[in-house]
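# Breakdown of the fold
For reference, the chains in residue letters:
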Amino acid sequence: QRLKAAVHYTVGCLCQEVEEDKDVQFSKQSIAAISEITFRQCEIFAKDLEMFARHAKRTTINTEDVKLLARRSNSLLKYITQKSEELASSNMEQKEKKKKKTSAAKGGRTPGEQEAAVTENEDSNMA
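Residues numbered from 1 in each chain as written. Predicted model: local features only at pLDDT ≥ 70, side-chain atom pairs only at ≥ 80, totals over all residues. Heavy atoms only, no water.

What counts, and what does not: UniProt positions are given in the numbering used here, feature names are shortened, and annotations may be inferred rather than shown by experiment.
In the annotation of an unreviewed UniProt entry, the entry for the chain reads Centromere protein S, and the organism field reads Struthidea cinerea. Regarding the chain, the UniProt comment filed under Sequence similarities (unreviewed entry) reads as follows: "Belongs to the TAF9 family. CENP-S/MHF1 subfamily."

If you want it as structure tokens, here you go:
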């Protein structure tokens, strides 16, 4: 019920923006109808996403499932792909920063430098 109310509220806000932008009016009945259709379509999307993941023998929905759902709308698919790539590159940058921080905390050496130092110590111990 709360989710349905949130969808109705959001649709109402969007309709107000369109009213101001396009100088048109939406009746309460039309806003309610748009809200109901939107909610039902979201339920369908959720079931489809669940089925895509299940078909792939996964329990988690991933970006490939969302792309598959959006495949009929070229512009939406392009947007989702772009955002997915942006998120992936952002995540990679964050991982690199974490690696640098942890290597600095372990003596300020990169993994390659640490390995070289260990090898030098082993060589000097053998001599």
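### So, helix 1 (residues 2-22)
As a reminder, the rule being used: In DSSP terms, a helix is any run of H or I states spanning at least four residues, a strand is any run of E spanning at least two, and both are numbered starting from the N terminus. What a helix should span is 1.5 Å times the count of its residues minus one. We call two residues in contact whenever any of their non-hydrogen atoms come within 4.5 Å of each other.
Taking 1.5 Å of rise per residue, the 21 residues of helix 1 would be expected to cover 30 Å, and the 30 Å separating its terminal C-alpha atoms lies within 8% of that figure. Contacts from the buried residues of helix 1 go to helix 2 (28-55). Downstream of helix 1 by one or two residues, Asp 23 has phi in the positive range, about 55°.

### Thoughts on the nonpolar core
What counts is decided by this rule: For the purposes of this section, nonpolar cores are sets of buried Ala, Val, Leu, Ile, Met, Phe, Trp, Tyr and Cys residues that join through side-chain atoms within 4.5 Å. Exposure categories follow from relative accessible area, calculated using a 1.4 Å probe and restricted to protein chains: below 20% of the type maximum is buried, above 50% is exposed, and the middle band is partly exposed.
Counting 5 residues, the largest nonpolar core is built from Val 7, Val 11, Cys 15, Ile 31 and Phe 39. Looking at this core, the elements with two or more residues in it are helix 1 and helix 2. Element by element, the count of residues in this core is highest for helix 1, at 3 residues. When residues no more than four places from it in sequence are discounted, the contact partners of Ile 31 are His 8, Val 11, Gly 12, Cys 15 and Phe 26.

### Focus: the environment of Tyr 79
Structurally, the position occupied by Tyr 79 is in helix 4 (residues 74-105). Judged by relative accessible area, Tyr 79 falls into the partly exposed class, the value being 49%. Taking the C-alpha atoms as reference points, Tyr 79 and Lys 67, separated by 12 residues in sequence, lie 9.7 Å from one another.

### Looking at unusual backbone geometry
If you check the backbone angles, Asp 23 has positive phi at about 55° while not being a glycine. Within the fold, Asp 23 resides in the loop between helix 1 and helix 2. Overall, Asp 23 belongs to the exposed group, its relative accessible area being 73%. The phi dihedral of Lys 57 is positive, around 60°, even though this residue is not glycine. A relative accessible area of 76% places Lys 57 in the exposed class.

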